[in-house]
Amino acid sequence: MIDTNKSAEQIVAFSKGHLEALTQSGQIWTAGVKELAEQATATMQASFQDTMAMFKTLTSVKSPKEAIDLQSGMARSALETTMAAYGKLTEASLKLSEQAMAPITARVTAAVETFAKAA
């Protein structure tokens, strides 16, 4: 005879595990997005400061050639800085996705193993 109380308790416990995995995943995602936003803000602030410094430097040039050379060097530097920041952001986003999915992946694995044993 099937013990319905035990079966119901197992289903509730199993469902609770799903909810806990989703909650943990959400917490990881929220904390990670906050950190990414803080990094992006810091990068934008640094970029703004660099731009202001460039304009200040441009006001003191003596010739158009000097201004063009200075601007070209600063544009190259800004592009390199932007590409490096974009690479770091992409890498951090991928890592965050993996971390946030880990509790759900573990839960799916547990569900598959549970149902495989029951079959």
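Residues numbered from 1 in each chain as written. Predicted model: local features only at pLDDT ≥ 70, side-chain atom pairs only at ≥ 80, totals over all residues. Heavy atoms only, no water.

Student: Teacher, can you tell me more about the environment of alanine 85 here?
Tutor: By the element assignment, alanine 85 lies in helix H2 (residues 64-118). Residues alanine 85 and glutamine 39, 46 residues apart in the sequence, show an inter-C-alpha distance of 9.3 Å. (Helix = DSSP H or I, 4+ residues; strand = E, 2+ residues; numbered from the N terminus.)

Student: For this particular structure, what's the right way to read the pattern of salt bridges?
Tutor: Two side chains that carry opposite charge are able to pair once their charged atoms sit near each other. By the definition in use, this model includes three salt bridges. Ionic pairing is found between lysine 16 and glutamate 20, a salt bridge with its closest N-O pair at 4.0 Å. Note that lysine 16 and glutamate 20 are positioned in helix H1 (residues 4-58) at a spacing of four residues, about one turn of the helix. By relative accessible area, which is 51% here, lysine 16 ends up exposed. Taking the relative accessible area as the measure of exposure, glutamate 20 reaches 46% and is therefore partly exposed. The partner of glutamate 38 in a salt bridge is lysine 34, and the shortest N-O contact between them spans 3.8 Å. Taken together, the residues span about one helical turn, with glutamate 38 and lysine 34 both in helix H1 at a distance of four residues. Accessibility expressed as a relative area gives 46% for glutamate 38, which makes it partly exposed. (Salt bridge = Lys/Arg side-chain N within 4 Å of Asp/Glu carboxyl O. Buried < 20%, exposed > 50% of the residue type's maximum accessible area, 1.4 Å probe, protein only.)

Student: In this structure, what is going on with a nonpolar patch on the surface? I would like to understand it.
Tutor: Taken together, the side chains of Phe48, Met52 and Phe55 make up a nonpolar region of the molecular surface, amounting to roughly 340 Å² of accessible area. Take phenylalanine 48: it is sitting in helix H1. Using a relative accessible area of 52% as the deciding quantity, one classes phenylalanine 48 as exposed. (Patch = residues over 30% accessible without salt bridge, like charges linked within 9 Å, V, L, I, M, F, W, Y side chains within 5 Å. Areas by Shrake-Rupley, 256 points an atom, 1.4 Å probe, with all protein chains shown as cover.)

Student: How should I be thinking about the side chain of serine 25 in this particular structure?
Tutor: Looking at the secondary structure, you find serine 25 in helix H1. Within the structure, serine 25 has its side chain in polar contact with the backbone oxygen of alanine 100 (distance 2.4 Å). Excluding its chain neighbours within four sequence positions, the residues that come into contact with serine 25 are Ala100, Met101, Pro103 and Ile104. (Polar contact = N/O pair within 3.5 Å; in protein donor to acceptor, adjacent residues only side chain to side chain. Contact = heavy atoms within 4.5 Å.)

Student: When you look at the environment of alanine 46 in this model, what are you seeing that I'm missing?
Tutor: Position of alanine 46 relative to the elements: it lies in helix H1. We classify alanine 46 as partly exposed; its relative accessible area is 33%. Along the sequence, alanine 46 and glycine 26 sit 20 residues apart, while their C-alpha atoms lie 30 Å from each other.

Student: Looking at this model, I keep getting lost on H1. Mind explaining?
Tutor: Since the α-helix advances by 3.6 residues per turn, residues separated by three or four positions end up pointing in the same direction. Along its 55 residues, H1 runs 80 Å from first to last C-alpha, staying within 8% of the 81 Å computed at 1.5 Å per residue. Taken as a whole, H1 has its buried residues at Phe14, Gly17, Ala21, Ser25, Gly32, Leu36 and Met54. (Expected span 1.5 Å × (residues − 1).)

Student: What exactly am I supposed to notice about the side chain of arginine 107 here?
Tutor: Looking at the element boundaries, arginine 107 is found in helix H2. Among buried Asp, Glu, Lys and Arg side chains, arginine 107 stands out as unpaired, with glutamate 20 the closest opposite charge at 6.8 Å. Beyond its immediate sequence surroundings of up to four residues, arginine 107 is in contact with Ala13, Phe14, Gly17, His18 and Ala21. (Lys, Arg positive; Asp, Glu negative; His and termini not counted.)

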